[in-house]
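# Overview (structure and organization)
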Amino acid sequence: YLMQLPVYLQQIFAAAAIILLTGCSTIVAPPAVHVRSITPVGVTLSGIDFEADLQVSNPNRFDLSLLSYSYSLLVANRQLSSASVSQITTFPAHQKAGIKLPISVRYSDLFALIQQQPDPEQLPYHLKAALEMETPLGKSIIPINRTGTFSLPESYHQNPLLQRFKELFKPL
C-alpha cells in the first residue's frame, strides 16, 4: 500500500517513522543548574574573588560536554561580574556533576551596591549565560536567563565591616 503513494509522501512517512523510533533521544534537554555555595577564595588589589560551586544535572540519555561559557551577573540591577571561559567538562547522562565557577567582583562595584543599601533578605539577581555544549547532534548554545532573589547569610547582616562600608559610602 505504501508503494502506491507518491515518492514525496513515502519520504515524509519514512522521516516520521525515524523520528518516532528514535523518540526524544534526538532532542537535547538543557541541563539543570543548582548553586550549592558561593565562597570567597581571595582578595586582590582590584576586588574579591569568589567561587560558585554548581551542581549540574544532565537529564539526557547521552553525555553533554561543556566547551565554554559566558555569563553576566547583576545584583540589585548592578553588574557585579561577567566572564567568558573555555573549559571542557563532561556531564554524564542522567547524572549530577559538580563544576566550579570563578566570580570576580571589583571593589568599586561592591561599594556601589552597598551605597544602594539593598535589603539583605531580598537581594534581586539576574543571571544571563550562554553554554556552548557538544551533543550527539553537534555543537549547541544553551541560553540561561534567570532572575530571582537571595538572602545574605545572617552573619553578614550586622557585620561591623559591612556597617562601616555603609557609613563611609552613605549618600550625603
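Look a little higher up for the structure.
Now for a look at the structure at hand. Counting from 1, residues in each chain are numbered in the order their sequence is written. The model is predicted, so local features are restricted to residues of pLDDT at least 70 and side-chain atom pairs to those at 80 or more, both for listing and for counting; the totals for chains, interfaces and linings are taken over all residues. Computation of side-chain values covers all heavy atoms of the structure but excludes hydrogens and water.

### Overview of the sheet that holds strand β7 (residues 138-150)
By this definition, two strands are paired if DSSP reports at least two bridges between them. Numbered from the N terminus, helices here are DSSP runs of H or I no shorter than four residues, and strands are runs of E no shorter than two. One open sheet holds the four strands; their spatial order is β4-β3-β6-β7, and the pairing between them is antiparallel. Two strands bound the open sheet, and with one partner strand each, they are β4 (78-91) and β7. Each strand of the sheet is rotated relative to its neighbour by a mean of 15°, with strand direction disregarded. The sheet contact formed by strand β3 (residues 64-75) and β4 spans eleven bridges and is antiparallel. Of the residues in β4, the one forming a bridge with V75 is R78. In what follows, residue pairs with any heavy atoms lying within 4.5 Å of each other are defined as contacts. Axis definition: a line fitted to C-alpha atoms, limited for helices to the stretch in contact. Angles are taken between N-to-C directions and run from 0 to 180 degrees. Lying over the sheet, helix α2 (residues 107-115) contacts β3 and β4, oriented at roughly 125° with respect to β4.

### Side note on the side chain of S72
Note on placement: S72 falls in strand β3. Exposure categories follow from relative accessible area, calculated using a 1.4 Å probe and restricted to protein chains: below 20% of the type maximum is buried, above 50% is exposed, and the middle band is partly exposed. Overall, S72 belongs to the buried group, its relative accessible area being 16%.

### Quick notes on unusual backbone geometry
In most cases, non-glycine residues show a negative phi, while peptide bonds are predominantly trans. Positive phi values are uncommon outside glycine, yet A76 reaches one of about 55°. Relative to the assigned elements, A76 resides in the loop between β3 and β4. By relative accessible area, which is 9% here, A76 ends up buried. Residues other than glycine seldom take positive phi values, yet H94 does so here, at roughly 55°. Assignment of secondary structure puts H94 in the loop between β4 and β5 (96-106).

### Examining the environment of I141
Along the chain, I141 falls in strand β7. For I141 and S68, which are 73 residues apart along the polypeptide, the C-alpha to C-alpha distance reads 9.6 Å. Leave out the neighbours within four places in its chain, and I141 touches A130, L131 and E132.

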